[in-house]
Each structure stands twice: as C-alpha cells, then as structure tokens.
Amino acid sequence: MNIALVTGASRGIGRATAILLARQGWRVAINFARRADDALSVVAEIERQGGSAFAIQADISDEAQVMAMFAEIDRQPGALTALVNNAGILFQQTTLEQLTAERISRVFATNVTGSFICCREAVKRMGYHHGGSGGAIVNVSSAAARTGAPGEYVDYAASKGAMDTLTKGLSLEVAAQGIRVNGVRPGFIYTEMHADGGEAQRVDRLAANIPMQRGGQPEEIARAIAWLLSDESSYITGSIIDAAGGR
Ligand code: NDP
C-alpha cells in the first residue's frame, strides 16, 4: 500500500484531504504539530471507514523533526509516493508597518522552509535517481499569493508566493524523475485558521465579495488535491489550480 504524507492533517483542509486519500486507498501519514488528540481522531475516523492511517508529530519548521518524521515513515510498510505540503500558519491581521522580523521569520520557517525540506526528503524517496518509483507532490498555496492580502498579512501572502515558485521550479527539476509537482490555491475556506488571524467569522464577512457568493468547504479543496495526486492528472506538472469560487 502506498503512503501519502499530509502535513497539518489534524484539522481543516489537511484533515479533509487525509480522509479522502484514505478512501481512495492510500495509507495516510497524519502529520500534526501540537494537537495530538485531533490527529488521533483523524486516524480513528479513517479506520472507522475501513482505511489505513497513522499519526506523526513533527513541527515542520524544525529540520530535525522533519528528518525524524521521514525516518518514521521509512519504518512503515509501503513506500512514500505522495506528499501534500498543507501545514501553514498566519498571525493577527495587521499592516506591514506593524510586522516584526521575528513574525516574518516564523511564517516563512513553517510555510516556506518547512515545505522545502519536506519536498527535499520526499524527492529523495520518490525519484528514479534514488531508486524510487516516482510520485506526486501537491503544495497548498493560497489565493493570497495573487491578492497580496493587504492590511491583513502580506507576510503570509508572500510566503505563499514563494510556495508557488517552489512548485514551478521543483516540478521542472524532477519531471524526468517520475515526480509531478503541482499546487492548489484555496480561497476563503471554513477552517479554524481565520481565528489565528483574529477574525473567526472572516469567511462569512467576505462571502459577498466572492463571485460564487460563498466560502468553500475543506472537502472542496481536498478533491482538487487528491486529483492532482492521482493518475487522472498523469500529464500535469508545474500547474496550480485556483480553488477560490472565482475570486
Ligand atoms: P488550520 O489552521 O485549520 O490547520 C492548520 C494545520 O497545520 C493543523 O493541522 C496544524 O497542526 C498544522 N500545523 C501548523 N503549523 C505546523 C507546523 N509548524 N508543523 C506541522 N504542522 C503544523 O489550517 P487550514 O486547514 O485552514 O489551512 C491548511 C492550508 O491551507 C494552509 O497552508 C493554509 O495556508 C492554506 N489555506 C487556507 C485557507 C483558508 O481559508 N482556510 C485559504 C488559503 C490557503 P496542529 O493541529 O497540531 O496545530
């Protein structure tokens, strides 16, 4: 059974993605940072549905913890052939004038460096040049990479812009190694992330500005991610799907 690693799978978009991938036959590695109970409840839900999953704690902004996570995956039955770089963070809405170097570094350490090093370790396991059988990577970016998130979190938006560049560059580096690398840019999705920005009801406030007149559900993003991991998208690499209700 092939393994799919989903970072930040204890809740939100990562949780929905993990549950869908398990239904599609993947053994899913449920990464989380702090909320072990939530991660274990995702594993339990997958097993209740007849699927296979295991939880792994690792703060992806810490290289040593990422290395330990991949070492743990190596000890599991099955080969890693899919990675979803989903874990991401943002902080209180504010203008750029109020941003500190410490905050910017924290955002980039998780969203950018964490995604890079997860890609690096995945490529070492999937690439033909390493004896792997190929695979697929999906980077979960954000519509913020296009809009810039002015007055809210330009630091977060810029980190997602960096992820889009990662998707492009890595897709070309490993195209001949049997690895496809694509991205998904969600719009406003109902998850707990907005509370971290200081506005739990943000999606409802902004829904009228979305062409489709509503926020998205995590499952709607999960389906795009799962499709990009599947053989249904076998000739697609370096592409980014906007899943933002027309925004
Ligand atoms: P949530 O805030 O609901 O969940 C975040 C997840 O990431 C949790 O599982 C959390 O683990 C994990 N996480 C956070 N930091 C780390 C870390 N350093 N190491 C490992 N795991 C970590 O987020 P969403 O589901 O809303 O977002 C998922 C992705 O989608 C993010 O990359 C986000 O930027 C992107 N996105 C979301 C949008 C939205 O409207 N919700 C819109 C556009 C993009 P734990 O539970 O242990 O804390």
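Shown above is the structure to which this text applies.
K.L.:
Sorry, what's going on with the overall build of the protein chain here?
P.N.:
Within the protein chain, the regular secondary structure consists of 9 helices and 7 strands. Rg of the C-alpha trace for the protein chain: 17 Å, near the compact-globule value of 18 Å for 247 residues, within the 12% margin. On the principal axes, the C-alpha backbone points of the protein chain span a range of 50 × 40 × 35 Å. Counting every position in the protein chain, which comprises 247 residues, the buried fraction comes to 52%. A sequence separation of at least 24 residues applies to 73% of the contacts in the protein chain between residues at least 6 apart. Of the accessible surface of the protein chain, which amounts to about 10800 Å², a share of 52% is contributed by carbon and sulfur atoms. Put simply, the protein chain has 23 plus and 25 minus side-chain charges, and the middle of one group is 3 Å from the middle of the other.

K.L.:
How should helix α1 (residues 12-23) be read in this particular structure?
P.N.:
In an α-helix there are 3.6 residues to a turn, and that puts residues three or four apart on one side. Relative to the 16 Å expected for 12 residues at 1.5 Å per residue, α1 spans 17 Å between its end C-alpha atoms, a close match to the ideal helical length. The element α1 is extensively covered by neighbouring structure, given that 9 of its 12 residues are classed as buried. The secondary structure elements touched by the buried residues of α1 are β1 (3-6), β2 (27-32), α2 (36-48), β4 (80-85), β6 (179-186) and α9 (218-229). Downstream of α1 by one or two residues, G25 has phi in the positive range, about 105°.

K.L.:
Would you take a moment to explain the site of the ligand for this structure?
P.N.:
Near the ligand you find 32 residues, and of these S10, R11, R34, Y156 and T191 are the closest. The contact in question runs from an oxygen atom of the ligand to an N or O atom on the backbone of G8, over 3.2 Å. Within the side chain of H194, one N or O atom sits 3.0 Å away from an oxygen atom of the ligand. When the ligand is considered free in solution it has 910 Å² of accessible area, and contact with the protein chains removes 97% of it. Counted by class, the shell around the ligand contains 14 nonpolar, 12 polar and 6 charged residues.

K.L.:
How should I be thinking about the packing of α1 against α9 in this particular structure?
P.N.:
Packed helix pairs are specified by the crossing angle of their axes together with the interaxial distance, meaning the distance between the axes. Where α1 meets α9, the closest approach of the two axes is 8 Å, and the angle between their N-to-C directions is 55°. Here α9 runs oblique to α1, going by the angle between their axes. At the point where α1 passes α9, the crossing takes the right-handed sense. Contacts from G12, I13, A16, T17, L20 and L21 of α1 reach α9 at P218, E219, I221, A222, R223, I225, A226 and L229. A class-by-class count of the residues in the contact of α1 with α9 yields 10 nonpolar, 2 polar and 2 charged.

Basis of the calculations
Residues numbered from 1 in each chain as written. Predicted model: local features only at pLDDT ≥ 70, side-chain atom pairs only at ≥ 80, totals over all residues. Heavy atoms only, no water. Helix = DSSP H or I, 4+ residues; strand = E, 2+ residues; numbered from the N terminus. Rg over C-alpha atoms; globule rule 2.2 N^0.38 Å. Buried < 20%, exposed > 50% of the residue type's maximum accessible area, 1.4 Å probe, protein only. Contact = heavy atoms within 4.5 Å. Areas by Shrake-Rupley, 256 points an atom, 1.4 Å probe, with all protein chains shown as cover. Lys, Arg positive; Asp, Glu negative; His and termini not counted. Charge placed at Lys NZ, Arg CZ, Asp CG, Glu CD. Expected span 1.5 Å × (residues − 1). Near = heavy atom within 4 Å. Polar contact = N/O pair within 3.5 Å; in protein donor to acceptor, adjacent residues only side chain to side chain. Nonpolar A, V, L, I, M, F, W, Y, C, P; charged D, E, K, R; others polar. Axes fitted to C-alpha atoms, helices over the stretch in contact; angles between N-to-C directions. Parallel < 35°, antiparallel > 145°, perpendicular 65-115°, else oblique. Left-handed = near helix turned anticlockwise from the far one by under 90°.

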